[in-house]
Amino acid sequence: MTSLPQLLLFAALSAAVGVAWGLSELVSAFALDTGYALRTLGAWLLLLVNAFAPAFIYVLAASFFPELYAWQAAVAIGLAWPVVIRNLHFNFSARIADAASDDSNAADQATSVRFERIYTNFQSLAYRMINAQLAHQRAGLIARVVTDCDLNDLEAHARRLCIAQPVPMSDERENENLSNERCSEYIDNIMMRESVDEKKMYLSAFVINYFGRASLEEFIRQQKHKVRKSIPGVAS
Amino acid sequence: MANRMNGVYSLDQTERRILRALHDKGPGMLMEVAVRTLDFPERVAPVLRTLHEQGLVHVERIRGGVLGNELWSITPQGRRALEEAAQPSGQRPAFITRMARDVAPLPNSSSGSEYQQEEAAQPSGQQPAGTTRMARDVALPPNSSSGSEYQSGVDAAARSVPLRQPTGHELEIELLIKLGDLAAQHGDTNEATKYYQQALKLVREKGRSPDA
């Protein structure tokens, strides 16, 4: 007979594998913003579900089948838990199909489909939460640039990035020179807008969307440093 | 404006860019979508609304957004439309492209399914005009203009599809149409309708099959 601490250890192993599975889902869904996405509430919720569900399934399975008190079984359940959900659907339907009429079979199938949908719905809710939070973070960053940064410096930063890092446009991947020309042309168009704040907003959004948030964060840091240096008596 | 003709989407360049931007870089606010396409919100907003009406993009209200409260994302339908639009017209099955062109709505038509409407409106035994027209056009080579007075609104890309050898399925359809034509010439409209309906059934099956 296995002790409770050992059972919990195996359950934790299942949970760890489930978390790894959830992480891989997040990495593939937010390939460009993985680091930022992982720091959101939606991501944590998804990872928690991915941890608790396999742990719960493992404890449940091990309580029915004592031979599952092994680390291999814990790992296997952690790896297979999303599949387990789908299998439960099939097993459930198949068992009912033997005993019931066509009509009740249809009703049971509808019930099991809903079970699978719970996870899908939860996953899309988590993704929506992550996307909304990422959008808030980007908007906050742009707002900081508008209030704290110098327009000319920002324009120079955007132009430098364009030169240093060619941007393949969606439709013109085959012609990068053209896309660089278009980048520069776009910055010219931004600079023709009337309001200074508007120019800053577009330039920041341009930098974030083409060169990543880190580029804009680095620019904000540089600006802060510049401001600190320009204040007499403030050590750099 | 994005059109869907017999399951094939046709997107203009701005629509394609917007969908591509949402697909590649994920959901974004209006200003971000505009910047991603190297454009400005005042020009992108109406296109996004149109795409939204067609179910190709989804908009979600977010609370407390400093730069607006709308978050735009691409829908699975939008992804499909983008994939279809990304295929060069030469790679698109010619038969399907021709079908898409043939069922293109008339410039003043409100529905893209003219054939189905006419077919439904005709009492049984009478030859539906839409069926005859479709049957005739399926039998016609893509560049033929005879008898196709409604082709003024067709997709130009579809016209450029190179000619190729018809498959067995297409030949069968053509033969059925020819048999229908013969029956119609002999005044047997019931028999002609049967042939045209068989051809129509095959055309629809061909349109539904994943390899089409």
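Keep in mind that this is a model prediction, so the values were computed, not measured. For every chain, the first residue of the written sequence is number 1, and numbering continues from 1 onward in sequence order. Following the order in which they are written, the chains are lettered starting with A and the ligands numbered starting with 1. Side-chain atom pairs in this predicted model are given and counted only at pLDDT of 80 or more, local residue features only at pLDDT of at least 70, and totals for whole chains, interfaces and linings cover all residues.

> Help me out: how do you make sense of the overall build of chain B in this one?
A run of DSSP states H or I qualifies as a helix once it reaches four residues; a run of E qualifies as a strand once it reaches two. Both are numbered from the N-terminal end. A count of helical and extended segments in chain B gives 10 helices and 5 strands. Counts of 20 or more other C-beta atoms within 10 Å of a residue's own C-beta define buried residues, counts of 12 or fewer define exposed ones, and intermediate counts define partly exposed ones; C-beta atoms are placed from the backbone. When the 212 residues of chain B are sorted by exposure, 35% land in the buried category. Distance between backbone-placed C-beta atoms decides contact: two residues are in contact if it is within 7 Å. Summarising the internal contacts of chain B: among those between residues at least 6 apart in sequence, 59% fall at separations of at least 24.

> Even after reading the chapter, I still don't get the overall build of chain A, so can you show me in this structure?
On a plain count of helices and strands, chain A comes out with 9 helices and 0 strands. Going from N to C terminus, chain A has its helices and strands arranged as α-α-α-α-α-α-α-α-α. The buried share of chain A, taken over its 236 residues, is 28%. Long-range contacts, defined as pairs at least 24 residues apart, comprise 70% of the intrachain contacts of chain A with a sequence gap of at least 6.

> Even after reading the chapter, I still don't get the confidence of the model for chain A, so can you show me in this structure?
The predicted structure's coordinates, where accompanied by low pLDDT, should not be read in detail. Residues and elements named next belong to chain A. Of all residues in chain A, 78% have pLDDT values of 70 or greater, and the mean over the chain is 81. Mean pLDDT values over the elements of chain A span from 69, in helix 4 (residues 71-99), up to 93, in helix 8 (residues 196-211). The predictor's confidence in any single residue is recorded as pLDDT, a number from 0 to 100. Segment residues 172-177: pLDDT under 50, and 5 contacts once partners within four positions in sequence are set aside and those in other chains are kept.

> I'm lost on the interface of chain B and chain A in this one. Help?
By a widely used convention, the size of an interface equals the accessible area lost when the partners come together. Opposite the 23 residues of chain B that make contact, chain A presents 19 residues. Counting residues per element, the side of chain B that touches chain A draws most heavily on helix 1 (residues 13-25) of chain B, which supplies 7 residues. Only Asp, Glu, Lys and Arg are considered charged in this grouping, and only Ala, Val, Leu, Ile, Met, Phe, Trp, Tyr, Cys and Pro are considered nonpolar; every other residue, Gly among them, is considered polar. Here the residues of the side of chain B that touches chain A are counted per class, giving 10 nonpolar, 5 polar and 8 charged.

> Would you mind going over the nonpolar core with me for this structure?
The tendency in soluble globular proteins is for nonpolar side chains to be buried as a group. In terms of nonpolar packing, the biggest core is built from 73 residues, with Ile 18 and Val 33 of chain B touching the most fellow members. Ranked by residues supplied to this core, first place goes to helix 5 (residues 102-148) of chain A with 11 residues. What Val 33 of chain B contacts, discounting residues up to four positions off in sequence, is Ile 18, Ala 21, Leu 22, Gly 28, Val 44, Leu 48 and Trp 72 of chain B. Residues Ala 192, Tyr 195, Tyr 196 and Leu 200 of chain B belong to the second largest nonpolar core, which totals 9 residues. A set of buried residues drawn from Ala, Val, Leu, Ile, Met, Phe, Trp, Tyr and Cys, joined through C-beta atoms within 7 Å, is what defines a nonpolar core.

> What exactly am I supposed to notice about the sheet that holds strand 4 (residues 57-61) of chain B here?
Residue and element names in this part refer to chain B. Pairing in this open sheet of 3 strands is antiparallel, and the strands run 3-5-4 from one edge to the other. Edge positions in the open sheet fall to strand 3 (28-29) and strand 4, since each of these has one partner strand only. Pairing between strands is defined by DSSP: at least two bridges between them are needed. In the sheet, strand 4 pairs with strand 5 (residues 70-74) via 5 bridges, with the strands oriented antiparallel. What sits directly across from Arg 61, in strand 5, is Glu 70. For helices, the fitted axis covers only the stretch in contact; all axes are lines through C-alpha atoms, and the angles between them, taken along N-to-C directions, range from 0 to 180 degrees. Relative to the sheet, helix 1 contacts strand 3, strand 4 and strand 5, its axis offset from that of strand 5 by approximately 90 degrees.

> Got a minute to help me understand the confidence of the model for chain B in this structure?
All names here are of chain B. For chain B, per-residue confidence averages 68 on the pLDDT scale, and 54% of positions sit at 70 or higher. Ranking the helices and strands of chain B by mean pLDDT puts helix 3 (residues 41-53) first, with 94, and helix 6 (residues 114-121) last, with 37. Under a pLDDT of 50 for its full length, residues 92-163 has, in the predicted model, 97 contacts with residues more than four places off or in other chains. Under the prediction, the complex receives an ipTM of 0.75, its pTM being 0.62.

> What is the right way to look at unusual backbone geometry in this model?
Generally, phi is negative for residues other than glycine and the peptide bonds are trans, each holding for most cases. Phi at Leu 38 of chain B is positive, roughly 50 degrees, even though this residue is not glycine. In this fold, Leu 38 of chain B is placed in the loop between helix 2 (30-36) and helix 3.

> I keep staring at the pairing of strand 5 of chain B and nothing clicks. Help me out?
In regular strands, side chains alternate between the two faces of the sheet. Across 2 bridges, strand 3 of chain B lies against strand 5 of chain B in antiparallel orientation. If you follow Gly 28 of chain B over to strand 5 of chain B, its bridge partner there is Trp 72 of chain B.

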